[in-house]
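# Coordinates in review
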Protein chains: 2
Amino acid sequence: MPTRPIATTGPILIIGSGLLGASLGLNLRAAGVDVYLEDSSPTSLRLAQDIGAGFPFSEASDVTPALVVVATPPDVADVCVVGALQRFPSAFVTDVASVKKAVAQGVLEAGTAKGDPTLASRYVGSHPMAGRERSGAGAADADLFYGRPWVVVAHETSDPTAVLAVRTLATDVGSVPYEMDASTHDESVALVSHVPQLVSSLIAARLEEARSESMNLAGQGLRDTTRIAASDPRLWTAILAGNAGPVASILTALRCDLDDLIVHLDAANQRGPLRGGIVGAVNRVMEAGNRGVSRIPGKHGGAPSRYGELEVLIPDTPGALGRLFSELGEIDINIEDLVLEHSAGQQVGLARIMIDPARVGEAEADLERRGWRLINYSN
Amino acid sequence: MPTRPIATTGPILIIGSGLLGASLGLNLRAAGVDVYLEDSSPTSLRLAQDIGAGFPFSEASDVTPALVVVATPPDVADVCVVGALQRFPSAFVTDVASVKKAVAQGVLEAGTAKGDPTLASRYVGSHPMAGRERSGAGAADADLFYGRPWVVVAHETSDPTAVLAVRTLATDVGSVPYEMDASTHDESVALVSHVPQLVSSLIAARLEEARSESMNLAGQGLRDTTRIAASDPRLWTAILAGNAGPVASILTALRCDLDDLIVHLDAANQRGPLRGGIVGAVNRVMEAGNRGVSRIPGKHGGAPSRYGELEVLIPDTPGALGRLFSELGEIDINIEDLVLEHSAGQQVGLARIMIDPARVGEAEADLERRGWRLINYSN
């Protein structure tokens, strides 16, 4: 494979050869960078080496890493960062843990304790927002970071050259770098990732003892709200332990809204549907939800509601979706987003296809002519 | 258009010509059934007539409906059902409200109050689980019910012939009928629809005052959990008012789990990440969530985890998805489910494609050969 030109220069030492470390190694090796690996588990290290993520690092060699990337679990990241800063006095060091304040605090405190307050200046935190359900080097992929946000977290004494080196690394692997401070990062991921994860699990937990006949009525709304409830409890326990404060604070605010709902639903249940203030309570939370969801950026940074929607019935035969998308390609319609819906036991599905709103009418008419069944083709 | 053979015979009177009533009328008219419409709003009635959903009903005519379908908002459904039972002493009557116990109670009590305890025997409740974001006859579609569950809710004195007529109607419009009693229905939809709706709004409501830089980190998990938070507050207020008891009871159980999480997150925040019992608390709710989500039926009634997964990077050019699906069709791979992921501001997306697990390796190799970039192509 020809190497692609990148700005990051080696040698790079990656400490921790799991999913993130091995994926990073694979990507940088493909660009011709010298990558060395360390792992407390010889088996993990060997696996990462075998898939081509890098070479085992030897203290005895004359290799001096320019950049060290700590890709260990978050609860040992600060200790590994401090160790790397001491072992390699000329290297920049970053980590990829999904919580940032706890790691930075550990590094800064260690510098002070060791009588070297400038030690931390070569450290800059990272959080590449990439991952998958499976873990370990066996699940590694060079394209894991492609198109994902990569948060770069400098602290007060970070060397600007170190910040640049980490930004460059992010860009070189295809990520989009965003700079923010550790508190902003931790509060942001609590809001857009950690709280949705826990609340999705709370909804799904209610299904555990449901009657099976109830489950037959499950639709797309339930599938969407509970998809991430299938995530790995061990991984998430470590993440949430490192970000307990921001997560607890958002959950506490959410509980206020929930309490308000329960009070008014209980009152409506006892006094009748139009009493007890349920109308106001439900409206309050749903309108706030409407406003909140409109703030989520869409595919190209815009709000998802800016797209027009086609709803097409898809027969359950091989190639049916392919034919639909080929025909959309023929009439030069680009698909901005797509959701497939289906019911239990059914041999037919519904595709909701988001496209340029200016072209909905034309696309509907065209597809109808080609024999597709559309929902709400009202012309 | 040639009429398709169906078992339902007319004349049918539909009271309420909004989205559901007009869609039902369109469907039955296309099958050659005589459909008549009533609506308290002359404008709505005229719109439904104009799109071909049926003809205005006149008391002066000699038309006697065999079946009356009440498709009004849920808070007036029982009154309309009772009126129809009295006006048409030989007709079966059903309604399509998304709550069922409150309607049946109203009908049974009216029969007793009017000194006619057998009045209700010609009534059977319905809940076709179909809908869309927009309302009114303008959004109507003959295919709205296709492939959707249609719950048939008989009460203790329902005439078995009336139950059969409603089941037949459901099957004729392409729905899958499920029979259950009113309490089971109301508790089931509370669990699989009403609670996920409210909790999705609770998550989205927290985004209202988020910093915009936080929103840049939003990923697919947030999009999935908050998609239905964009729903119409007015519609949902009416639904939730009619099912306050079951919804409050599930939310109260959910709040117990939430309280447990908050207590242990707060403790971890104060005493350090490995204290305060956070590990146990997070594990409990996430493992319960894992078990709950595994109970949701997949496309053909099986659990979604039975599928194998392909992850393919999709360049943002017209026809790229179409080409991918055409090529999957060429190698005879059927797509069981599909999720498109993308990040803010990015020109590339990731397609997660669920297929027969026995064919994942072959499909990966084939797509790779055709030039697609796959995540975790590890052969």
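All values derive from a computational prediction rather than experimental measurement.

## Here we look at helix α1 (residues 19-30) of chain B
Residues and elements named next belong to chain B. An ideal rise of 1.5 Å per residue puts 16 Å on 12 residues; α1 measures up with 17 Å between its terminal C-alpha atoms. Most of α1 is tucked away: 9 of the 12 residues are buried. Within α1, the full set of buried residues consists of L19, G21, A22, S23, L24, G25, L26, N27 and L28. As for α1, its buried residues are in contact with β1 (12-15), β2 (35-38), α2 (42-50), β4 (67-70), β7 (149-153) and α5 (160-172). Trailing α1 by a residue or two, G32 shows a phi angle of about 90 degrees, which is positive.

## Some details on the interface of chain A and chain B
If you look at the interface, chain A gives 139 residues, while chain B gives 139 residues. On the chain A side of the interface with chain B, the three residues burying the most area are L217(A), M286(A) and R295(A), jointly 6% of the side's total. Inspection of the chain A/chain B interface yields 12 salt bridges. In this structure, D259(B) engages R255(A) in a salt bridge whose closest nitrogen and oxygen atoms are separated by 2.6 Å. In this structure, the connection of chain A to chain B is made through 26 residue pairs in polar contact (both at pLDDT 80 or more). Element by element, the count of residues in the side of chain A that touches chain B is highest for helix α10 (residues 244-271) of chain A, at 19 residues. For the side of chain A that touches chain B, the per-class residue count stands at 68 nonpolar, 39 polar and 32 charged.

## Here's the deal with the side chain of R352(B)
Residues and elements named next belong to chain B. On the secondary structure map, R352 appears in strand β11 (residues 348-355). For R352, a relative accessible area of 8% translates into the label buried. For R352, the side chain forms a polar contact with the side chain of E309, separated by 3.0 Å. A distance of 2.5 Å separates the side chain of R352 from the side chain of E311, its partner in a polar contact.

## Let's talk about the pattern of salt bridges
Within this structure, the stated rule accounts for 42 salt bridges over all chains. A salt bridge links R227(A) to D224(B); its shortest N-O distance comes to 2.5 Å. Of the two residues, R227(A) is situated in the loop between α8 (220-226) and α9 (233-241) and D224(B) in helix α8 (residues 220-226); the pairing between them involves two chains. Classification of R227(A) by relative accessible area gives partly exposed; the value is 25%. For D50(B), the salt bridge is made with R46(B), and the minimal N-O distance between the two is 3.1 Å. Residue D50(B) and its partner R46(B) are both found in helix α2; the two are separated by 4 residues, about one turn of the helix. Grouping residues by exposure puts D50(B) and R46(B) together as exposed. Each of R323(A), E327(A), E330(A), D366(A), R369(A) and R370(A) takes part in one network of salt bridges that share partners.

## Examining the state of the cysteines
Per the stated rule, a full pass over the model turns up 0 disulfides over all chains. You can see C256(A) has no disulfide; the closest cysteine sulfur is in C256(B), sitting 17 Å from it. Residue C256(A) is classed as exposed on the basis of its relative accessible area, which comes to 55%.

## Let's talk about the relation of the copies chain A and chain B
When chain A is fitted onto chain B, the two copies agree to an RMSD of 0.1 Å after a turn of 180 degrees and an axial shift of 0.0 Å. Interpreted geometrically, this transformation is the action of a two-fold axis. Residue T225(A) of chain A places its C-alpha closer to the rotation axis than any other residue of that unit, at 2.0 Å. Mapped onto chain B, 100% of the interface residues of chain A are again interface residues, and the two copies thus contact each other with one and the same surface.

## Concerning the packing of helix α12 (residues 320-330) of chain A against helix α12 (residues 320-330) of chain B
Look at α12(A) against α12(B): their axes get within 7 Å of each other, and the N-to-C directions meet at 150 degrees. Between α12(A) and α12(B), the interaxial angle falls into the category roughly antiparallel. Relative to α12(B), the crossing made by α12(A) is left-handed. Residues L321(A), G322(A), F325(A) and S326(A) of α12(A) pack against L321(B), G322(B), F325(B) and S326(B) of α12(B). Class assignment for the residues of the contact of α12(A) with α12(B) results in 4 nonpolar, 4 polar and no charged.

## Considering α12(B)
Counting along an α-helix, one turn takes 3.6 residues, and residues three or four places apart therefore face a common direction. Listed in full, the buried residues belonging to α12(B) are A320(B), L321(B), G322(B), L324(B), F325(B), E327(B) and L328(B). After α12(B) finishes, the residue D332(B) shows a positive phi value of roughly 65 degrees.

## Some points on the nonpolar core
Judged by nonpolar contacts, the single largest core of 89 residues is most densely connected at L198(A), L251(A) and L251(B). Residue contacts for L251(A): discarding those within four places in its chain leaves V195(A), L198(A), V199(A), L258(B), I262(B) and L265(B). A351(A), L310(B), I331(B) and W372(B) belong to the second largest nonpolar core, which has 42 residues in total.

About the thresholds
Residues numbered from 1 in each chain as written. Chains lettered and ligands numbered in written order. Predicted model: local features only at pLDDT ≥ 70, side-chain atom pairs only at ≥ 80, totals over all residues. Heavy atoms only, no water. Helix = DSSP H or I, 4+ residues; strand = E, 2+ residues; numbered from the N terminus. Expected span 1.5 Å × (residues − 1). Buried < 20%, exposed > 50% of the residue type's maximum accessible area, 1.4 Å probe, protein only. Contact = heavy atoms within 4.5 Å. Buried area = accessible area lost by both parts, 1.4 Å probe. Salt bridge = Lys/Arg side-chain N within 4 Å of Asp/Glu carboxyl O. Polar contact = N/O pair within 3.5 Å; in protein donor to acceptor, adjacent residues only side chain to side chain. Nonpolar A, V, L, I, M, F, W, Y, C, P; charged D, E, K, R; others polar. Disulfide = S-S within 2.5 Å. Least-squares fit on C-alpha atoms with pLDDT ≥ 70 in both. Axes fitted to C-alpha atoms, helices over the stretch in contact; angles between N-to-C directions. Parallel < 35°, antiparallel > 145°, perpendicular 65-115°, else oblique. Left-handed = near helix turned anticlockwise from the far one by under 90°. Core = buried A, V, L, I, M, F, W, Y, C linked by side-chain atoms within 4.5 Å.

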